[in-house]
Amino acid sequence: MDITQRFPLNILLFLTFVPFICPTSTITDILTGALLSLKSDFTDPRNTLQDWSIKSETDPSQLQPTIQSCSWSGITCNANETTLVSINLSGRNLGGSLSGKKLSFFRDLQHFNLSYNSFSGPLPAEIFNLTELRTLDISRNNFSGEFPGKVSFLGMKSLVLIDAFSNSFSGHLPGNLPQAKALEVLNLAGSYFSGGIPPQYGRFESIRFIHLAGNFLSGRIPPELGSLRTLTHMEIGYNSYEGGIPLEFGNLSEITYLDIANANLSGPIPKELSNLTKLESLFLFQNHLVGLLPWELSRIESLADLDLSDNLISGPIPESFSGLKNLRLLSLFYNSMNGTVPHSISQLPSLETLFIWNNFFGGSLPGDLGMNLNLKWVDVSTNKLVGPIPPRICSGGALTKLIMFSNRFSGTLLPLASGCASLVRLRLEDNSFSGGIPFNFSRLSYIDLSMNNITGPIPPEISGASNLQYFNVSRNPGIRGTIPAGIWSMPSLKNLSMSGCNIGGELPAFGSSCGSVSVIELGENALTGSIPEGISSCHELRRIDFSGNDLTGQIPQGIASLPSLTALDLSRNILTGLIPSRFGDSLSLRQFNVSFNDMYGSIPSGKAFISMDRSSYIGNRRLCGPPLRPCPNSVAILGSRSGAKGKLMLVLLLLCLGLVILTTLFVLGLFYFIKGRKRGSWKMISFDGLPQFTPNDILRSFEVSSTGGPVVSSKAVLPTGITVSVKKIEWALRKRMVILLGLINRMGDARHPNLARLLGFCHNREVAYLLYDYLPNGNLVERIGTNKHDWRDKLRVVSGIARGLCYLHHECIPPIPHGDLKSSNVVFDDNMEPRLTGFGLKHLAWLSLDSSAVAISDRDSEEFSSAIKDQIEMDIFNFGEIIVDILTNGRLAGAGESIQSKSKDVLLREICSSGNRFVPDGSVKEEVKLVLEIALLCTQRQAADRPTARDALKLLMEHKKPGE
């Protein structure tokens, strides 16, 4: 074949430029030169294409292949190495853009894979001039603009796969793709395509797989899609269509997987879907489907997964479902279904997961439920079910989660006494169960039996429950007895709630092994004695409730030093003494109550007490100071009027002595400051966005307070007029300074629109000053109630916080925990976009103080320390609290734990009554419900039950509308 026939003239002209790629003496073929030219447009930070080069010296005795690049990584040639047939650069962390002209060289290319990289810019239309192409995989990149849709696909006779999943394409879906007659797989999910699904998509001749989910598609789903007789898999959900499911979908005779979830569908479920006799998975959740559940669906004997949750379906579960012998998942929660749970459900031999919560089912559960099944997860909560726990519920030996709360169940817990060793999670709260607690604790990590009629003491065996993290038996007044002695030694225990149980005796001693406990709720009991001093060793404690008991003695000083304590309720006891002044220095304390005790003296004046009102202190007649009555003046304290004059002189003498001491301390401090500056020279490091200043420029520009702990904040105006926010970090361990500087450098490299930039830092061997963007528009605490009228503003703030947190947790490698996520650390830029500030500082302070701390480093990026993992999990919890804070305009600030005990309807009413001026109806109501659901997920008591930041952001984005 003549070379001008094989390669067009414009390609031959490219040879003119080959010498600029590498020496002409080493280039022996066009394709190798084209690859090198293509490489020149790439970014390759890991140097994964280092073998893409031509050796400068070649042994003439060695026979050279026709295509020199056939041995390069990612390159495959044909058998005789005369042409290139495959380019596979998947997962190499490459970036840059693609040139259509350079791709035109690869006329014989059959497979092109760029997946899992960071390519951006438009996808060149010339790629579809490669008529031999069989597979094109550009998934998980950042290609943008319109997908090439004006080219002809008639010549693509071999093309079987297009995978463009998770990019940033926009515009309409390309309507002429059905011209590719051999196309079997089309994945355009996870971009920003808008408009409707082209009706032409019903003309695909060979299509087996279509995935269009997670875009901005709208309009009606074209009934023409029902003509796709070769289709086996279709996902078109997570869009916002109009109307319902086309009846023509009943003609998809080969389909096995159909997912149209979260798609704004309305109308009934077509009974025509029962014609899909090969269907194995049907997902229609999170829509607005109405009417009865068609009994005809029981004809689909192959059906294994059926999820119709979160719709408006009414009526009962059809008895005919007994024919679904392959059904593994039945999910009907969040509907308006009623009637009884049919006996046929217990006859499904393959059923593993049964979700029917948040409906109106009544009657008893089938008595033999579990006998012939491999049940793993049952959730029937929030219905009107009655009767006992089915006696054979655990017969299959695989049940791990049994959720039955908020019903009217009764009877004892004896069915759980044996055969339920597989249980990990048990929630039976808010029912009428009675009797003792007989079951095996070996694998259980979560138990909630609160609000029942449980009697008898807490089994002492609970102390040996090595996996138990959450234990709640509150509001069971018949429990009585005492708290088992070894309960604090449970290695995994995080939450212990026994309020309102008439428990007596003394609090068991706290040992050094209580380090995992975060919540202790023992209010409304009959506990006596003092609060053990050892409670100060429980460093993870966030909430303590000892209210309504008969505790005596003083408040232990150590309790005021707990670093994470947010709520302390000691009200209605017989405690006495002074309120420890160190409570005032707490950075986390939000709720404090010592009312109705015998406390005396003045209320500490620290920052933590500023927000406390009278209700926190009333009922202590000898307690004084704001917000109670003023304390007596200094003269009266000294004694009678006759001796006041002499004693006043004594006071003046003491004041003078104090002044001398302060002056001495100041001089000594100045001496050590000067000495310290001589010992360690100052260094200045600037990141992007900060001009090059000298250390003296920085040090002359601000004054930073030396009080308040290892991290202190201020602001300063630099010589060029730039205003910065300043945070001071002291190196308590100089030998760790290299690690600390490494972490600060990583914090400085973190750049995201929803993060406040770390501009630079100035340091010596003892202290560092971190310089941040100063954003004068205030923080979320100050602005929490200013957007009551605009739901879009609230949603924008929540989404911005989620994006910033997702970047820290998932795009920084290794991840950077925020560590102190709260409303005051959410600031606003000039465009009123939220930015997270203070990220990483808590971990930085911890590293500087704790000699056993493990740093984030490249060496342990795969298995970072448990402390960092805990901080990341707490970030998610705090994010959930911030969401509630925003939704309620600050009314439920810090209510992450308390909202778990409230129904969603109650919380929605609280949101509506919190001064919001928007009307939560229609689509807005659905969005409010979604955001509230995310908050509830994020504030789950068990960290394992919370979503990741990426999952939370994905849930938020799934409800995003075009233009937002």
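These numbers come from a predicted model, not from an experiment. (Residues numbered from 1 in each chain as written. Predicted model: local features only at pLDDT ≥ 70, side-chain atom pairs only at ≥ 80, totals over all residues. Heavy atoms only, no water.)

S.K.: It is not clear to me how empty space enclosed by the protein should be interpreted in this structure. Could you clarify?
M.R.: Using the criterion set out here, one finds one cavity of 30 Å³ or more in the structure. Of the voids in this model, the largest cavity is the one considered here, and its volume is about 40 Å³. Lining the largest cavity, in full, are Arg427, Tyr446, Gln900, Gln940 and Arg941. Residues of the lining of the largest cavity, tallied by class, amount to one nonpolar, two polar and two charged. (1 Å grid on protein atoms, 1.4 Å probe; cavity = no way out; pocket = protein on both sides within 12 Å on 5 of 7 lines; lining within 4 Å. Points joined across faces, edges and corners; volume = space filled by probe spheres on them. Nonpolar A, V, L, I, M, F, W, Y, C, P; charged D, E, K, R; others polar.)

S.K.: What is the right way to read the environment of Ala465 from this model?
M.R.: Among the secondary structure elements, Ala465 is positioned in the loop between strand 33 (453-454) and strand 34 (470-472). For Ala465, a relative accessible area of 1% puts it in the buried group. Each C-alpha atom of the pair Ala465 and Phe441 lies 5.5 Å from the other, and the pair is 24 residues apart in sequence. Not counting chain neighbours up to four residues away, the residues in contact with Ala465 comprise Phe441, Met490 and Pro491. (Helix = DSSP H or I, 4+ residues; strand = E, 2+ residues; numbered from the N terminus. Buried < 20%, exposed > 50% of the residue type's maximum accessible area, 1.4 Å probe, protein only. Contact = heavy atoms within 4.5 Å.)

S.K.: Would you explain the environment of Pro246 in this entry?
M.R.: With respect to the helices, strands and loops of the structure, Pro246 is situated in the loop between strand 15 (233-235) and strand 16 (257-259). Taking C-alpha positions, Pro246 is 7.4 Å from Pro222, a pair spaced 24 residues apart along the chain. Once you skip the residues sitting within four places of it in the chain, Pro246 turns out to touch Ile221, Pro222 and Pro223.

S.K.: It is not clear to me how the pairing of strand 3 (residues 84-88) should be interpreted in this structure. Could you clarify?
M.R.: When a strand is regular, its side chains alternate between the sheet's two faces. Along strand 3, four of the five residues are buried, which leaves the element largely enclosed by surrounding structure. Pairing geometry for strand 2 (residues 75-77) and strand 3, over three bridges, is antiparallel. Looking at strand 3, one finds that Ile75 is bridged to Ile87. Remark: six residues form the turn of the hairpin made by strand 2 and strand 3, two consecutive strands paired antiparallel; Glu81 in that turn has positive phi of roughly 55°. As judged from the three bridges shared by strand 3 and strand 5 (residues 111-113), these two strands associate in the parallel manner. Along strand 5, the bridge assignment pairs Asn88 with Asn113. (Pairing = 2+ DSSP bridges.)

S.K.: Where do I start with the sheet that holds strand 33 in this structure?
M.R.: Strands in a sheet are paired, the pairing made by backbone hydrogen bonds, and the direction either parallel or antiparallel. With parallel pairing, nine strands are arranged side by side in an open sheet as 17-19-21-23-25-27-29-31-33. This sheet does not close on itself; its edge strands, each paired only once, are strand 17 (266-268) and strand 33. By the bridge criterion, three bridges tie strand 19 (residues 288-292) to strand 21 (residues 312-315) in an arrangement that is parallel. Among the inter-strand pairings, Gly291 is bridged to a residue of strand 21, identified as Ile313.

S.K.: Looking at this model, I keep getting lost on the packing of aromatic side chains. Mind explaining?
M.R.: To describe a pair of aromatic rings, one takes the distance between the centres and the angle between the planes. Tallying each qualifying case throughout the model produces 24 aromatic pairs. Note on Tyr192 and Phe216: the rings are 5.7 Å apart at their centroids and 50° apart in plane angle, and the pair reads as tilted. Of this pair, Tyr192 sits in strand 12 (residues 192-195) while Phe216 sits in strand 14 (residues 216-217); the two residues are 24 residues apart in sequence, bridging distant segments of the chain. A relative accessible area of 36% means that Tyr192 is categorised as partly exposed. The class for Phe216 is buried, based on a relative accessible area of 13%. Note on Phe583 and Phe592: the rings are 5.1 Å apart at their centroids and 55° apart in plane angle, and the pair reads as tilted. For Phe583, a relative accessible area of 1% puts it in the buried group. (Phe/Tyr/Trp six-rings, centres within 6.5 Å; stacked < 30°, edge-to-face > 60°.)

S.K.: What is the right way to read the side chain of Asp379 from this model?
M.R.: Mapped onto the elements, Asp379 comes out in strand 26 (residues 377-379). Despite its burial, Asp379 pairs with no opposite charge, the nearest such side chain being Arg427 at 6.9 Å. With residues near it in sequence (within four places) discarded, Asp379 still touches Leu354, Phe355, Ile356, Trp357 and Ile403. (Lys, Arg positive; Asp, Glu negative; His and termini not counted. Salt bridge = Lys/Arg side-chain N within 4 Å of Asp/Glu carboxyl O.)

S.K.: I would appreciate a short explanation of the sheet that holds strand 6 (residues 118-121) in the present structure.
M.R.: Taken in spatial order, the seven strands make up an open sheet running 1-4-6-8-10-12-14, and their pairing is mixed. Bordering the open sheet on either side are strand 1 (42-43) and strand 14, each of which pairs with just one other strand. Relative to strand 8 (residues 142-146), strand 6 is paired through two bridges, and the arrangement is parallel. Each bridged residue has a counterpart across the sheet, and for Ser120 the counterpart in strand 8 is Asn142.

S.K.: How do you make sense of helix 13 (residues 904-912) when you look at a structure like this?
M.R.: Note: α-helices contain 3.6 residues per turn, so residues at a spacing of three or four share the same orientation. Buried residues of helix 13: Lys904, Leu907, Leu908, Glu910 and Ile911, and no others. An end-on view of helix 13 places all buried positions within 160° of arc, on one side of the element. Turned more than 90 degrees away from the buried face of helix 13 sit Asp905 and Arg909, all of them exposed. (Arc of directions from axis to C-beta.)

S.K.: Got a minute to help me understand the nonpolar core in this structure?
M.R.: As a rule of thumb, soluble globular proteins bury nonpolar side chains together. Of all hydrophobic cores here, the largest spans 179 residues; its most connected members are Phe128, Phe249, Phe471, Met498 and Phe583. Among the elements of the structure, helix 3 (30-39), strand 2 and strand 3 are those that each provide at least two residues to this core. The biggest single contributor to this core is helix 3, with six residues. Among all residues touching Phe249, those that are not within four sequence positions of it are Ile221, Pro222, Leu225, Gly226, Met234, Ile236, Leu258, Ile260, Leu273 and Leu276. By size, the runner-up hydrophobic cluster in this structure holds 62 residues, among which are Val797, Cys806, Ile883 and Leu956. (Core = buried A, V, L, I, M, F, W, Y, C linked by side-chain atoms within 4.5 Å.)

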